[in-house]
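# Examining the three-dimensional arrangement
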Amino acid sequence: AENCVGALRCLYKHAEKDNWISEKDNPARKVDKPRRLPSTRRAIAGTRLGEINQVAATTGDDPALDALILRLHTETACRRGGALAIRPQDLDPEQCLIMLREKGETVRWQPVSPTLMAGLLKHAEERHAPRDGRLLRYKDGRPITYRRYDGLWERIGRELPWVRTQGISTHWIRHTTLK
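In short, a report on the structure.

The next subject is the sheet that holds strand β3 (residues 106-111). An order of β1-β2-β3 is seen for the three strands of this open sheet, with the pairing classed as antiparallel. The sheet is open, and its two borders are formed by β1 (91-92) and β3, each paired with just one other strand. Relative to strand β2 (residues 97-102), β1 runs antiparallel, the two being bridged by two bridges. Across the sheet, the residue bridging to Asp 92 is Leu 97, located in β2.

Core analysis: the biggest nonpolar cluster contains 23 residues, and Leu 72, Ile 98, Leu 120, Leu 136 and Ile 144 have the highest contact counts within it. Elements represented by at least two residues in this core include exactly α3 (63-76), α4 (80-85), β2 and α5 (114-126). Sequence-distant contacts of Leu 120, that is, excluding residues within four places in its chain, are made with Leu 68, Leu 72, Leu 91, Ile 98 and Leu 135. If you look at the next biggest cluster of nonpolar residues, it comprises 15 residues, including Leu 49, Leu 152, Trp 153 and Ile 156.

Another point: the pattern of salt bridges. Tallying each qualifying case throughout the model produces 15 salt bridges. A salt bridge links Arg 127 to Asp 62; its shortest N-O distance comes to 2.6 Å. Residue Arg 127 is located in the loop between α5 and α6 (146-159), and its partner Asp 62 is located in the loop between α2 (46-58) and α3; the two are separated by 65 residues in the primary sequence. Both residues of the pair, Arg 127 and Asp 62, count as buried. Between Arg 80 and Asp 150 there is a salt bridge, with the nearest N and O atoms lying 3.7 Å from each other. One end of the pair, Arg 80, is in helix α4; the other, Asp 150, is in helix α6, with 70 residues separating them in the sequence.

Further remarks concern the layout of surface pockets. Estimates place the volume of the largest pocket at around 220 Å³. Ala 64, Leu 65, Ala 67, Leu 68, Arg 71, Thr 115, Leu 116, Gly 119, Lys 122, His 123, Glu 126 and Arg 127 together form the lining of the largest pocket. Elements with a minimum of two residues in the lining of the largest pocket: α3 and α5. Taken together, the residues of the lining of the largest pocket sort by class into five nonpolar, three polar and four charged. Forming the boundary of the second largest pocket are Cys 78, Arg 79, Arg 80, Tyr 149, Asp 150, Trp 153, Ser 169, Thr 170, His 171 and Arg 174.

Reading the values: the criteria
Residues numbered from 1 in each chain as written. Predicted model: local features only at pLDDT ≥ 70, side-chain atom pairs only at ≥ 80, totals over all residues. Heavy atoms only, no water. Pairing = 2+ DSSP bridges. Helix = DSSP H or I, 4+ residues; strand = E, 2+ residues; numbered from the N terminus. Core = buried A, V, L, I, M, F, W, Y, C linked by side-chain atoms within 4.5 Å. Buried < 20%, exposed > 50% of the residue type's maximum accessible area, 1.4 Å probe, protein only. Contact = heavy atoms within 4.5 Å. Salt bridge = Lys/Arg side-chain N within 4 Å of Asp/Glu carboxyl O. 1 Å grid on protein atoms, 1.4 Å probe; cavity = no way out; pocket = protein on both sides within 12 Å on 5 of 7 lines; lining within 4 Å. Points joined across faces, edges and corners; volume = space filled by probe spheres on them. Nonpolar A, V, L, I, M, F, W, Y, C, P; charged D, E, K, R; others polar.

Here it is as structure tokens:
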């Protein structure tokens, strides 16, 4: 509803600007924007996060990739877009840092464990990720997309019904790490 009202306000504002309607005839000015509901996302308990990681690492067509994705999000609290944007050249193995480019053009260097760094470097090498191309890739070398995340959480939800019931997603891992 909030997005709909915002979109209609934008549309009618342009209609006003182009003199299609007058300010007094703009119905969008009379509609209050609905309040955003509070998020139901919260931190995931350690045992539950362990269950999620176990399912990711033991099911599907590429468990190693899925386990690496969840490890990356757990250690860095990055958003999906930030993970998808990582390139091999964004890895600093000497200092165990990853450059993340995220929402709002935010760029930050994030420390990671030597284990995660080694896993990312190995992944890039085995999957032939070009230095300036996206790091996370399928076995055939194609870069992953948001669809990988959708399939991952759908599969985890089938194995762990509480994940599906609560609508748990990658963003919940972010809340868990930042908590």
